[in-house]
Amino acid sequence: MTLLLVTGCAGGDVPPPTVESSSAAPAPPSGATPGARTPLTSPDGTDGNAVEEDINAAVSVTTTYWQTHWPQLFTGGYNPPRILGAYDGDTPGAPVCGSEPLPDDNAVYCPDGDYIAWDMDLMRWGHARGDAWVYLVIAHEWGHAVQNRLDAGLVDLARELQADCLAGAVLFGAAQDGTLTFEEGDTEELADALTALADRTPWTDVSDHGDASQRVGYFSRGARSGVKSCLPNVVQ
């Protein structure tokens, strides 16, 4: 059910996960066994401690991946984005990006201020479906922060789908590094989250993020082949 932050594991101890590029659920990492799963949240998703713990773990996993691998992938130094964290988009005091308040029930990377933030209503709702949700959301928004640090020629015109690809590279790359452990059902949760966050949903504009098949396909590309597969005009 969970994506668990682990410490003290050698990268070689984690077999490289694989994901099939399709609109169906990605294939689970090697060694996963189908079976009953027990959710960590209450049925209405109100277990705030579990949500916050998974968010903190997702932030740790993602920043560790980029800090570790940036020198292997790109020239120049790497500075992580600021983590503004949780906000409530349904209140007058919501933070702003530029001159606009952050959107209700959404998560964002704001170039103006170089920060990542998320509406906790969105995170709680998704976490009730499976805690892989928060890992995907944070890794996706971090992907936008990475785009903001790249030369323009390395940023795909399909920016949202490229962020999905980078998210797949990070989460499955972290599993190979030994900083993240996939449990059974996690890849199905990721496919469900990508589908729920696709176009024609309350969270996205039409043609903004791509349909469910596109989102799973791009995520799967990154999961299979790493960060370089997400970059245009790069020979691997």
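Here the structure is a predicted model, which means the values were calculated and not measured. (Residues numbered from 1 in each chain as written. Predicted model: local features only at pLDDT ≥ 70, side-chain atom pairs only at ≥ 80, totals over all residues. Heavy atoms only, no water.)

Draft legend 1. A look at helix α6 (residues 212-225). Over its 14 residues, α6 extends 20 Å from the first C-alpha to the last, a length consistent with the 20 Å expected when each residue adds 1.5 Å. Residues of α6 that are buried include every one of Arg215, Val216, Gly217, Phe219, Ser220, Gly222 and Ala223, and no others. On its buried side, α6 packs onto α3 (132-147), α4 (159-177) and α5 (186-196). One or two steps after α6, the chain reaches Gly226, where phi turns positive at roughly 85°. (Helix = DSSP H or I, 4+ residues; strand = E, 2+ residues; numbered from the N terminus. Expected span 1.5 Å × (residues − 1). Buried < 20%, exposed > 50% of the residue type's maximum accessible area, 1.4 Å probe, protein only. Contact = heavy atoms within 4.5 Å.)

Draft legend 2. Spotlight on the packing of α5 against α6. Two elements in contact, α5 and α6, have axes separated by 8 Å at closest approach and are oriented at 135°. For the element pair α5 / α6, the angle class is oblique. Considering the relative orientation of α5 and α6, their crossing is right-handed. On α6, the residues that touch Leu190, Ala191, Leu194 and Thr195 of α5 are Ala212, Arg215, Val216 and Phe219. Across the contact of α5 with α6, the residue classes tally to six nonpolar, one polar and one charged. (Axes fitted to C-alpha atoms, helices over the stretch in contact; angles between N-to-C directions. Parallel < 35°, antiparallel > 145°, perpendicular 65-115°, else oblique. Left-handed = near helix turned anticlockwise from the far one by under 90°. Nonpolar A, V, L, I, M, F, W, Y, C, P; charged D, E, K, R; others polar.)

Draft legend 3. Up close: the nonpolar core. With 53 residues, the main nonpolar core has Trp66, Trp118, Met123, Trp133 and Leu171 as its most contacted residues. The element contributing the most residues to this core is α3, with 11 residues. The residues touching Trp133, leaving out its near neighbours within four places in the chain, are Leu122, Met123, Trp125, Gly126, His127, Ala193, Ala196 and Leu197. Of all hydrophobic cores here, the second largest spans six residues; its members include Tyr87, Leu102, Cys110 and Tyr115. (Core = buried A, V, L, I, M, F, W, Y, C linked by side-chain atoms within 4.5 Å.)

Draft legend 4. The arrangement of the packing of aromatic side chains in detail. The full count for this structure, using the stated rule, is seven aromatic pairs. Pairing Trp66 with Trp70 gives two aromatic rings, centres 6.3 Å apart and planes at 65°, and the pair type is edge-to-face. Linking Trp66 with Trp70, this pair stays in helix α1 (residues 48-73), spanning four residues, or about one helical turn. Just as Trp66 is buried, Trp70 falls in that class too. With 4.6 Å between their ring centres and 50° between their planes, Trp70 and Phe74 make a pair best called tilted. On the basis of relative accessible area, Trp70 is assigned to the buried category, the value being 2%. For Phe74, a relative accessible area of 12% gives the class buried. (Phe/Tyr/Trp six-rings, centres within 6.5 Å; stacked < 30°, edge-to-face > 60°.)

Draft legend 5. Representation of the confidence of the model for the chain. Across the chain, pLDDT averages 78, with 73% of residues at or above 70. The element-level mean pLDDT for the chain is lowest in strand β1 (residues 3-5), coming to 43, with strand β6 (residues 115-119) highest at 97. Predicted confidence for residues 1-46 stays below pLDDT 50, and this span has 101 contacts to residues more than four positions away or in other chains. Here residues 199-207 scores under 50 on pLDDT; set against residues more than four positions off or in separate chains, the count is 20 contacts. (pLDDT = per-residue confidence, 0-100.)

Draft legend 6. Structural detail: the state of the cysteines. All chains considered together, the criterion is met by two disulfides. Here Cys97 pairs with Cys110 through a disulfide, and the sulfurs are 2.1 Å apart. Between Cys97 and Cys110, the S-S dihedral sits near 95°, and the bridge is therefore right-handed. With Cys97 in strand β3 (residues 96-97) and Cys110 in strand β5 (residues 107-110), the pair connects residues that are 13 residues apart, well separated along the chain. Given a relative accessible area of 25%, Cys97 falls into the partly exposed group. Between the sulfur atoms of Cys165 and its disulfide mate Cys230 the distance is 2.1 Å. Negative torsions about the S-S bond denote left-handed disulfides, and the value of about -85° found for Cys165 with Cys230 makes this one left-handed. Here Cys165, found in helix α4, pairs with Cys230, found in the segment after α6; they are 65 residues apart in sequence, far enough to count as distant. (Disulfide = S-S within 2.5 Å.)

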